[in-house]
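# Observations on chain architecture
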Amino acid sequence: MIRSLLHIGMTVPDLEIGRAFYETFGLEMRASGNDYVFRCPGRDQDQIRLMQGSKKKLSYTALGTNEAGMEQLLRKLREANVSLQPPPFDVPFGGIWFQDPHGDWLNVQVAEPAPAGGSVLPPEINAHGRYRRIGKRACDISTRAKRARPLRLGHLIKFSPDVPASTAFYTEVLGMLVSDKSLDILAFLRGAAGGDHHMVAFAKSTHTGLHHLSFEVADLDEIEIGAQTMIRAGYQDSFGLGRHVGGSNYFHYLRDPWGSLIEYFWDIDVIPEGADWEPIDAAPHEVMFVWATTPPPDDFVLNFEARD
Ligand SMILES: [Fe+2]
């Protein structure tokens, strides 16, 4: 049923601090009522809605499905005794609203995410046996001035006080599929129609909250160009460069101004609909990374989002 991640909403105590952070990250801001909405350059798709609030909190996740998926979802929600609610936030879009087992708001719309903007194809790669960039430079002097241009919000990882319960709800009621997991500590879920290895994942904590948002960039260079730009601007580095096992994507994480993380990623596993995919179930450190230039920091899985 759930086919795509559209955007997320967060309350933060200072919208301007959020604006500076996400613009440095490579997103573009526009005002929407009292809120600040961020999009990837050249792409007609909201990705983050920042709303004024007393403290930082992941407010909702907006997901997409198609007409048939919405019908099926409404039936599943009725069967699970999950009631639809009036919109809990003053937002200019439709869809249905309900809460997951831990009270986190979900919005589901009949909508397809907008296609990526502009020309997004990175240079071809000369991998051994597959030399595809012939007679062309990958880099020249101007490459040094490149900036990261995030292409799309690929996934988010949410904290959950009960990962198996969250996994059960998102798979049985929302139709998502488990791609990999780690005991009752971590679970990576993809959309019902396949696609990225994970669209939503859950990490065990005492309470709900946002662990990280993750944006795809065009190549490995843009992960580090983006991360180094953020670090030079004074934002806190967290973890990376590295390569995950779960999803296989290259990553670099940075702290946002409120203690959660933001990730640049490239080269994630893609799983087609109906694939015979065997999930890994291993210890967290085995799933977390193949290699990384630094060990994960002690606070990598700390949940800074206090319960109300
Ligand atoms: Fe991620």
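Now for a quick tour of the structure. Keep in mind the model is a prediction, meaning the values are calculated, not measured.

With 13 residues, helix α4 (residues 220-232) extends 19 Å between its outermost C-alpha atoms, agreeing within 8% with the 18 Å of an ideal straight helix rising 1.5 Å per residue. Within α4, the full set of buried residues consists of E222, I223, I225, G226, A227 and M230. Looking at the packing, one finds that the buried side of α4 touches α1 (15-25), β16 (237-243), β17 (250-255) and β18 (261-266). One or two residues past the end of α4 sits G234, with phi positive at roughly 100°.

If you look at the biggest cluster of nonpolar residues, it comprises 67 residues, and the most contacted ones within it are I8, M176, L189 and A201. If we skip the residues at most four places from it in the chain, A201 touches H155, I157, L186, A187, F188 and L189.

Here G240 and L241 are connected by a cis peptide whose omega angle stands at -5°. Residue placement: L241 occurs in strand β16. Its identity as a non-glycine residue notwithstanding, N81 has a phi of 60°, on the positive side. Among the secondary structure elements, N81 is positioned in the loop between α2 (67-79) and β6 (96-99). Looking at N81, the number of C-beta atoms within 10 Å reads 6, which means it is exposed. Phi angles above zero are rare outside glycine, and S248 is one such case at about 60°. Take S248: it is sitting in the loop between β16 and β17. By the C-beta count within 10 Å, which is 13 here, S248 ends up partly exposed.

The subject of this paragraph is the environment of Y264. By the element assignment, Y264 lies in strand β18. In this structure, the C-alpha to C-alpha distance between Y264 and Q228, residues 36 residues apart in sequence, is 11 Å. Those residues in contact with Y264 that sit more than four places away from it in its chain are A148, F215, V217, E222, I223, G226, A227 and H252.

In space, the 9 strands of this open sheet follow the order β11-β12-β14-β10-β15-β18-β17-β16-β20, with mixed pairing throughout. With one partner strand each, in any of the chains shown, β11 (177-182) and β20 (291-292) form the two edges of the open sheet. In this fold helix α3 (residues 163-173) packs onto β10 (152-160), β11, β12 (186-190) and β14 (200-204), with an angle of close to 10° to the strand it touches most, β12.

Another point: the pairing of strand β1 (residues 4-12). Counting buried positions along β1 yields 8 of 9 residues, so the element is predominantly enclosed. Across 7 bridges, the pairing between β1 and strand β5 (residues 57-65) is antiparallel. Directly across from G9, in β5, lies its bridge partner Y60. The pairing of β1 with strand β4 (residues 46-52) spans 5 bridges and is classified as parallel. By the bridge assignment, I8 is partnered in β4 with I48.

It is worth spelling out the sheet that holds strand β2 (residues 28-32) at this point. Strand order in the open sheet formed by 7 strands is β2-β3-β4-β1-β5-β7-β6, and the pairing between neighbours is mixed. Because the sheet does not close on itself, it has two edges, and the strands there are β2 and β6. Strand-to-strand twist across the sheet, computed as the mean angle between neighbouring axes with direction ignored, equals 25°. Relative to the sheet, α2 contacts β5, β6 and β7 (105-110), its axis offset from that of β7 by approximately 145°.

By secondary structure assignment, the location of A282 is in the loop between β19 (270-272) and α5 (284-288). Separated by 96 residues in sequence, A282 and L186 have C-alpha atoms that sit 9.6 Å apart. Once you skip the residues sitting within four places of it in the chain, A282 turns out to touch S182 and V287.

The rules behind the values
- Residue indices follow the written sequence of each chain, beginning from 1 at its first position.
- Reporting of local features is limited, given that this is a predicted model, to residues whose pLDDT is at least 70; pairs of side-chain atoms are given and counted only at 80 or more, and all residues count toward the totals for whole chains, interfaces and linings.
- Where helices and strands are cited, they refer to DSSP runs of H or I of at least four residues and of E of at least two residues respectively, numbered from the N terminus.
- Here a helix's expected span is defined as the number of its residues, less one, multiplied by 1.5 Å.
- Put plainly, a residue is buried at 20 or more neighbouring C-beta atoms within 10 Å of its own, exposed at 12 or fewer, and partly exposed in between, counting only other residues' C-beta atoms, which are placed from the backbone.
- Throughout, a residue-residue contact means that the two C-beta atoms, derived from backbone geometry, are no farther apart than 7 Å.
- Note on terminology: a nonpolar core is any set of buried Ala, Val, Leu, Ile, Met, Phe, Trp, Tyr and Cys residues joined through C-beta atoms within 7 Å.
- Strands are treated as partners if at least two bridges between them are detected by DSSP.
- Every axis corresponds to a line fitted to the C-alpha atoms, with the helix fit spanning only the stretch in contact, and the corresponding angles, defined between N-to-C directions, vary from 0 to 180 degrees.

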